[in-house]
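Observations on the three-dimensional arrangement
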Amino acid sequence: MVDCNSFYASCEQVFRPDLWGKPVVVLSNNDGCIIAANKEAKAITDIPMFEPVFKIKDQLIKNRVTFFSSNYTLYGEMSQRVMNILKTFSPMVEVYSIDESFVEVSGMDYLNLENYGHEIKDTIKQLTGLPVGVGIAPTKVLAKLANKMAKKIEGYDHVCIIDSEEKRIKALQWAKTKDVWGLGRKHVERLKNIGVFTAYEFTQKPLAWVRKEMTVVGERLWRELQGEPCIEFTEVPKPKKGIGTAKSFGKKLEDLERIEEACAYYISEVSEVLRAQNSCATYVQVFVHTNYHSNVDKQYSNSITATMPIPTNNTFQLISEARKALHEIYKPGYRYKKVGVNLSGIIPQEYVQGNLFHQPSKLNNHKLIQTFDKLNNKYGKSTVASAMTGTRMNEWELIKKERSPRYTTQWEELLKIEAK
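Quantities reported herein were computed from a predicted structural model and do not represent experimental measurements. In this convention, every chain numbers its residues from 1, walking through the sequence in written order. Reporting of local features is limited, given that this is a predicted model, to residues whose pLDDT is at least 70; pairs of side-chain atoms are given and counted only at 80 or more, and all residues count toward the totals for whole chains, interfaces and linings. Think of the side-chain values as coming from all heavy atoms in the structure, minus any hydrogens and water.

1. Examining the overall build of the protein chain
Note the following rule: Only DSSP runs of H or I covering at least 4 residues are called helices, and only runs of E covering at least 2 are called strands; the numbering of each starts at the N terminus. Working definition: with a 1.4 Å probe on protein chains only, accessible area under 20% of the residue-type maximum means buried, over 50% means exposed, and in between means partly exposed. Here, residues are in contact when the closest pair of their heavy atoms is within 4.5 Å. Note on areas: Shrake-Rupley with a 1.4 Å probe; residue coverage comes only from the protein chains shown.
Helix and strand counts for the protein chain come out as 14 helices and 13 strands. Burial analysis of the protein chain (420 residues in total) assigns 44% to the buried set. Taking the contacts inside the protein chain whose residues are at least 6 apart along the sequence as the reference set, 67% of them involve residues at least 24 apart. Surface accessibility of the protein chain: about 23200 Å² in total, with carbon and sulfur atoms responsible for 51%.

2. Focus on the sheet that holds strand E6 (residues 100-103)
Strand pairing in a sheet is mediated by backbone hydrogen bonds. Such pairs are either parallel or antiparallel. To keep things clear, this is the line we draw: By this definition, two strands are paired if DSSP reports at least two bridges between them. Between N-to-C directions, angles cover 0 to 180 degrees, with each direction set by a line fitted to C-alpha atoms, over the stretch in contact for helices.
Overall, mixed pairing links the 5 strands, which are arranged E5-E6-E1-E7-E8 in an open sheet. A single partner strand is all that each edge strand has here, and the edge strands are strand E5 (93-97) and strand E8 (159-161). Put simply, the sheet's adjacent strands are angled 15° from each other on average, direction ignored. Pairing of strand E7 (residues 132-136) with E8 involves 3 bridges; the strand directions are parallel. From the neighbouring strand, Ile 136 faces E8, where its bridge partner is Ile 161. The strands touched by helix H5 (residues 113-128) are strand E1 (2-4), E6, E7 and E8; relative to E7, the strand with the most contacts, the crossing angle is about 160°.

3. Some points on the packing of aromatic side chains
Heads up, the rule is: Here a Phe, Tyr or Trp ring, Trp counted by its six-membered ring, pairs with any other such ring whose centre lies within 6.5 Å, and the pair is stacked when the planes are under 30 degrees apart, edge-to-face when over 60, and tilted otherwise. We count a charge as sitting over a ring when the NZ of a lysine or the CZ of an arginine lies within 6 Å of the ring centre and within 35 degrees of the ring normal.
Using the criterion set out here, one finds 14 aromatic pairs in the structure. Ring plane angle 50° and centroid distance 6.0 Å describe the contact between Phe 7 and Tyr 8, whose orientation is recorded as tilted. Geometrically, the ring pair formed by Tyr 330 and Tyr 336 is tilted, given 5.5 Å between the ring centres and 35° between the ring planes. With a relative accessible area of 17%, Tyr 330 lands in the buried category. Owing to a relative accessible area of 1%, Tyr 336 belongs among the buried residues under this scheme. A network of ring pairs unites the aromatic residues Phe 7, Tyr 8, Tyr 72 and Tyr 75 as a single cluster. Directly above the ring of Trp 20 sits Lys 125, whose terminal nitrogen or CZ lies 4.6 Å from the centroid. In this arrangement the basic side chain of Lys 298 is found over the ring face of Tyr 334, its NZ or CZ atom lying 4.9 Å from the centre.

4. Overview of the nonpolar core
Where we set the bar: Take the buried Ala, Val, Leu, Ile, Met, Phe, Trp, Tyr and Cys residues and link them wherever side-chain atoms come within 4.5 Å; each set so joined is a nonpolar core.
Counting 33 residues, the largest nonpolar core has Ile 259, Val 286, Leu 326, Tyr 336 and Val 339 as its most contacted members. Examining the composition of this core, we find that 10 residues originate from one element, helix H11 (residues 256-276), more than from any other. When residues no more than four places from it in sequence are discounted, the contact partners of Tyr 336 are Phe 249, Lys 251, Lys 252, Leu 253, Ile 259, Val 288, His 289, Thr 290, Tyr 300, Tyr 330 and Lys 331. Ranked by size, the runner-up nonpolar core spans 32 residues in total, among them Phe 89, Ile 120, Ile 124 and Ile 136.

5. As for the sheet that holds strand E3 (residues 34-37)
One open sheet holds the 3 strands; their spatial order is E3-E2-E4, and the pairing between them is mixed. At either margin of the open sheet sits one strand with a lone partner, and together these are E3 and strand E4 (66-69). Shown here is a sheet whose adjacent strand axes are inclined to one another by a mean of 30°, direction ignored. Direction of pairing for strand E2 (residues 24-27) relative to E3: antiparallel, over a ladder of 3 bridges. Residue pairing for E3: Val 25 is matched across the bridge by Ala 37.

6. Remarks on helix H3 (residues 53-62)
Which entries qualify depends on this criterion: Read the arc as the range of directions from the helix axis to the C-beta atoms.
All buried positions along H3 are accounted for by Val 53, Ile 56 and Leu 60. Relative to the axis of H3, the buried residues are bounded by an arc of 90° and lie together on one face. Looking at H3, the residues exposed on the side facing more than 90 degrees away from the buried face are Phe 54, Lys 55, Asp 58, Ile 61 and Lys 62. Buried residues along H3 sit against E2, E3 and E4. Once H3 ends, the next one or two residues include Arg 64, with phi positive near 55°.

7. Focus: helix H12 (residues 315-329)
Formally: What a helix should span is 1.5 Å times the count of its residues minus one. As used in this structure description, the phrase polar contact means that two N or O atoms lie within 3.5 Å; if the pair is within protein, one of them must be able to donate a hydrogen and the other to accept it, and residues adjacent in sequence are counted only when both atoms belong to side chains.
Over its 15 residues, H12 runs 21 Å from end to end, which matches the ideal 21 Å to within 8%, given 1.5 Å per residue. Against H11, strand E10 (279-290), strand E11 (301-312), strand E12 (336-344) and helix H13 (366-379) lie the buried residues of H12. With a side-chain oxygen lying 2.9 Å from the backbone nitrogen of Phe 316, the N-terminal cap of H12 falls on Asn 314.

8. Points about the pattern of salt bridges
Oppositely charged side chains may form a pair once their charged atoms are brought near each other. Rules: Salt bridge, as used here, is a side-chain nitrogen of Lys or Arg placed within 4 Å of a carboxyl oxygen of Asp or Glu.
For the structure on display, the rule yields 16 salt bridges. The partner of Asp 3 in a salt bridge is Lys 151, with the nearest N and O atoms 2.5 Å apart. Pair noted here: Asp 3 is in strand E1 and Lys 151 is in helix H6 (residues 140-152), with a separation of 148 residues, a long-range link. The class of Asp 3 is buried, set by a relative accessible area of 10%. Taking relative accessible area as the criterion, Lys 151 reaches 32% and is therefore assigned partly exposed. Of the charged contacts in the structure, one is a salt bridge between Asp 122 and Lys 121, with a shortest N-O distance of 3.1 Å. For Asp 122, a relative accessible area of 42% translates into the label partly exposed.

9. Digging into a positive patch on the surface
Note the threshold: Think of a patch as exposed residues, more than 30% relative accessible area, with no salt bridge, where like charges cluster within 9 Å and nonpolar side chains (Val, Leu, Ile, Met, Phe, Trp, Tyr) cluster within 5 Å. Within this scheme the basic residues Lys and Arg register as positive and the acidic residues Asp and Glu register as negative, but His and the chain ends are omitted. Note on charges: their place is set at NZ of Lys, CZ of Arg, CG of Asp or CD of Glu.
Side chains of Lys 42, Lys 152, Lys 176, Lys 178 and Lys 192 sit close together on the surface and give a patch of like positive charge. With respect to the secondary-structure elements, Lys 176 resides in the loop between helix H7 (165-174) and helix H8 (185-193).

10. Thoughts on the pairing of E12
With 7 bridges connecting them, strand E9 (residues 243-253) and E12 associate as antiparallel partners. Directly across from Lys 247, in E12, lies its bridge partner Val 339. Relative to E12, E10 runs antiparallel, the two sharing 8 bridges. Directly across from Thr 290, in E12, lies its bridge partner Tyr 336.

11. Concerning the environment of Ile 35
For Ile 35, the position within the fold is in strand E3. Relative accessible area serves as the criterion here: at 23%, Ile 35 is assigned to the partly exposed category. With 14 residues separating them along the chain, Ile 35 and Met 49 place their C-alpha atoms 6.4 Å apart. With residues up to four places along the chain from it excluded, the contact list for Ile 35 reads Tyr 8, Val 26, Leu 27, Ser 28, Met 49, Phe 50, Ser 70 and Tyr 72.

See below:
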């Protein structure tokens, strides 16, 4: 398990090296609340995570904390670079999240695992500037635990290996039940109620009890902590069954045209995800609502789901249906805080059937969409997009912020110098 340390904050520090060793936090969309903090910021006890920024802004300034607006385009590109580096160390890499990956090392008996872990850590640091922790163990759950120990215990120097029974027992005795990957809050509370506080004590419970009280999920965790692999390695993530996005506006909007732009932009985002997994959507849902925390605004919320004549991943067709749906639920006279979209009824692209009673749309141009994707992958997000996604860019700061350029140079763009 390779996990980037304080990933969002570290990405910002890479481009601000003067901030290494200083408290840094990253804020959510529209700077609503704190969503990430480095270890220096976490050490300041009066800065809680997920707290609305306006409540603690004075504390941030008092403690000289540097705070950044979230930049998901940058984080996505830095994440992709880390994943590409990991693939040079093993042909089997499972991307678990934006900052975590499992790397399969079974069959590499010739490796010195200690040196291997440090080489991964040092290479990522050298090529991206990001600090990472590396945990190596026989199972996924133990690897996650080793990764946590690599970060928490200074003597490991960010690389921890569980390769013996003695080390496994030591790790289980160190870990609290809440530190075990996969043990939810309710299970942790249930174990506390019967006097089980560490991972080691959990593994000492009879398997029959675990199977009865914690179902097959708990049994898998129990076996994994015993060193028996039960959670399979997945290189290709399972296709998403639902894809959606919704963000609050930087300011409350009344104008339908501006809300349409936001809706179209979000459709563009989710349709890209849809195409990336070679799927098509049958239904598109659109919803809007006002700021229900406001005591002065009239309140209104509504949603509607449209059925596509033929399941599709075409941005233009989805925007067209979403726009019709938005017109049905939009009511003038309200100041809207958020619009969102959800795609459902997702099926593999090769399973899409035609509709005898539906004429093919001129918008259904697969080659055009493919060209869009290639250009955006090469030159940055939303380099080419539907005109509906922002015809009034200078007037709407939210869309302007979302259209982030590409931040990192691609490997193939670097100059190559050959010695003669």
